[in-house]
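# Fold and geometry: a report
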Amino acid sequence: VTDVFSVRKRSVIMSHVRSKHTKPEIVVRSVLHGMGYRFGLHRQDLPGCPDIALTRHAKAVFVNGCFWHGHKGCRRATRPGTHVEFWQRKLEENAKRDRRNVRRLHQLGWKTLVVWQCQTTNERALRERLRRFMCPRGRKPRSVASP
Ligand SMILES: [Zn+2]
């Protein structure tokens, strides 16, 4: 059972976890903007307060820092050598919360895309991913395989 208070409280909690206007986030925003999309930022009324909310399309993009959100198998997600158990627990909680928020968004009829920090350095690949996210049935270039 979720009430207004717990949702609001959770947003406050998330706002501490999720840092805003990071470099990777700005890269994703500028690519989407260049594709002609308009979007809202950090909408508090949506689960997980997505970095980018394309409200008209009911699509949300999370730009996740590899460390804080626990990007599996990524070298940027390497845990600090000290206080290993503390970090492990903290980062697992973050990842669990991320999954829960994505599930909630899906229940509300939204589609979600997670862009990891390390995936924002190749702007061409990023643009292609965003294009496919926005137009999944659109014509694909010959060189791009179906997922
Ligand atoms: Zn990564």
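Residues numbered from 1 in each chain as written. Predicted model: local features only at pLDDT ≥ 70, side-chain atom pairs only at ≥ 80, totals over all residues. Heavy atoms only, no water.

### Regarding the overall build of the protein chain
The test is simple: The way it works is that DSSP assigns letters per residue, a run of H or I at least four long becomes a helix, a run of E at least two long becomes a strand, and they are numbered from the N terminus. It only takes one pair of heavy atoms within 4.5 Å for two residues to be counted as in contact. To measure how exposed things are, a 1.4 Å probe is used in the Shrake-Rupley method; for residues, cover is taken only from the protein chains shown.
Within the protein chain, the regular secondary structure consists of 4 helices and 4 strands. Written out in order from the N terminus, the α and β elements of the protein chain read α-α-β-β-β-α-β-α. Of all intrachain contacts in the protein chain linking residues separated by at least 6 positions in sequence, the fraction that spans at least 24 positions is 55%. For the protein chain, the exposed area adds up to about 9700 Å²; of that, 53% sits on carbon and sulfur atoms.

### Details of the coordination of the zinc ion
Each donor-metal-donor angle would ideally measure 109.5 degrees in four-coordinate tetrahedral geometry, or 90 or 180 degrees in six-coordinate octahedral geometry. Applicable threshold: Only nitrogen, oxygen and sulfur atoms count as donors, using a 2.8 Å cut-off from the metal that widens to 3.2 Å for Na, K and Ca. Water is left out, so coordination shells may look unfilled. Just to be clear on the cut-offs, tetrahedral is four donors with all angles between 85 and 135 degrees, square planar is four donors and octahedral six with opposite donors over 155 degrees apart and all others between 65 and 115, and anything else goes down as irregular.
Those donors, Cys 66 (SG), His 71 (ND1), Cys 74 (SG) and Cys 118 (SG), are the protein atoms that reach the zinc ion, and they lie 2.0 to 2.4 Å from it. In this structure, the zinc ion is surrounded by 4 donor atoms whose angles at the metal cover 101 to 117°, and the resulting shape is tetrahedral. Along the chain, the residues donating to the zinc ion are arranged with the sequence spacing C-x4-H-x2-C-x43-C. Taken as a pair, His 71 in the loop between β3 (59-64) and α3 (84-107) and Cys 118 in the loop between β4 (111-116) and α4 (123-134) lie far apart in primary sequence, 47 residues in all.

### Topic: the packing of helix α2 (residues 23-34) against α4
We apply this condition: Between N-to-C directions, angles span 0 to 180 degrees; the directions come from axes that are lines fitted to C-alpha atoms, helices contributing only their stretch in contact. Any angle that is under 35 degrees is reported as roughly parallel, and any over 145 degrees as roughly antiparallel; angles of 65 to 115 degrees are reported as roughly perpendicular and all others as oblique. Working rule for handedness: look at the near helix, and if it is turned counterclockwise from the far one by less than a right angle, call the crossing left-handed; if clockwise, right-handed. Following the grouping adopted for this structure description, the nonpolar residues are Ala, Val, Leu, Ile, Met, Phe, Trp, Tyr, Cys and Pro, the charged ones are Asp, Glu, Lys and Arg, and the polar ones are all others, Gly among them.
Packing of α2 against α4 brings their axes to within 10 Å, and their N-to-C directions diverge by 60°. By the angle between their directions, the pair α2 and α4 is classed as oblique. Once α2 is placed against α4, the crossing between them reads as right-handed. Along the contact surface, α2 presents Val 27, Val 28, Val 31 and Leu 32, while α4 presents Glu 123, Leu 126, Arg 127, Leu 130 and Met 134. Here the residues of the contact of α2 with α4 are counted per class, giving 7 nonpolar, no polar and 2 charged.

### Structural notes on the nonpolar core
Basically, it comes down to this: Note on terminology: a nonpolar core comprises buried Ala, Val, Leu, Ile, Met, Phe, Trp, Tyr and Cys residues joined through side-chain atoms within 4.5 Å. To sort residues, take the accessible area from a 1.4 Å probe on protein chains only and compare it with the maximum for the residue type: under 20% means buried, over 50% means exposed, and anything in between is partly exposed.
If you look at the biggest cluster of nonpolar residues, it comprises 15 residues, and the most contacted ones within it are Val 28, Leu 32, Leu 54, Val 61, Leu 126 and Leu 130. For this core, the elements supplying multiple residues, two or more each, are α2, β2 (52-54), β3, β4 and α4. Sequence-distant contacts of Val 28, that is, excluding residues within four places in its chain, are made with Ile 52, Val 61, Val 63, Val 115, Thr 120, Leu 126 and Leu 130. Core analysis: the second largest hydrophobic core is formed by 7 residues, Ala 60, Phe 62, Val 102 and Trp 110 among them.

### A short note on the pattern of salt bridges
Rules: Throughout this description, the term salt bridge denotes a Lys or Arg side-chain nitrogen within 4 Å of a carboxyl oxygen of Asp or Glu.
The tally for this structure, following the rule as stated, stands at 5 salt bridges. Note that Arg 43 and Asp 45 form a salt bridge whose closest N and O atoms lie 2.7 Å from each other. By relative accessible area, which is 53% here, Asp 45 ends up exposed. Its salt-bridge partner being Glu 128, residue Arg 131 comes within 3.1 Å of it at the nearest N-O pair. Here Arg 131 pairs with Glu 128, and both are found in helix α4, just 3 residues apart, close to one helical turn. Beyond isolated ion pairs, a larger network of salt bridges with shared partners links Glu 128, Arg 131 and Arg 132.

### Here's the deal with unusual backbone geometry
Residues other than glycine seldom take positive phi values, yet His 42 does so here, at roughly 50°. As for its placement among the helices and strands, His 42 is situated in the loop between β1 (40-41) and β2. You will see that Cys 49, though not glycine, has its phi angle at about 50°, which is positive. Inspection of the secondary structure assignment puts Cys 49 in the loop between β1 and β2.

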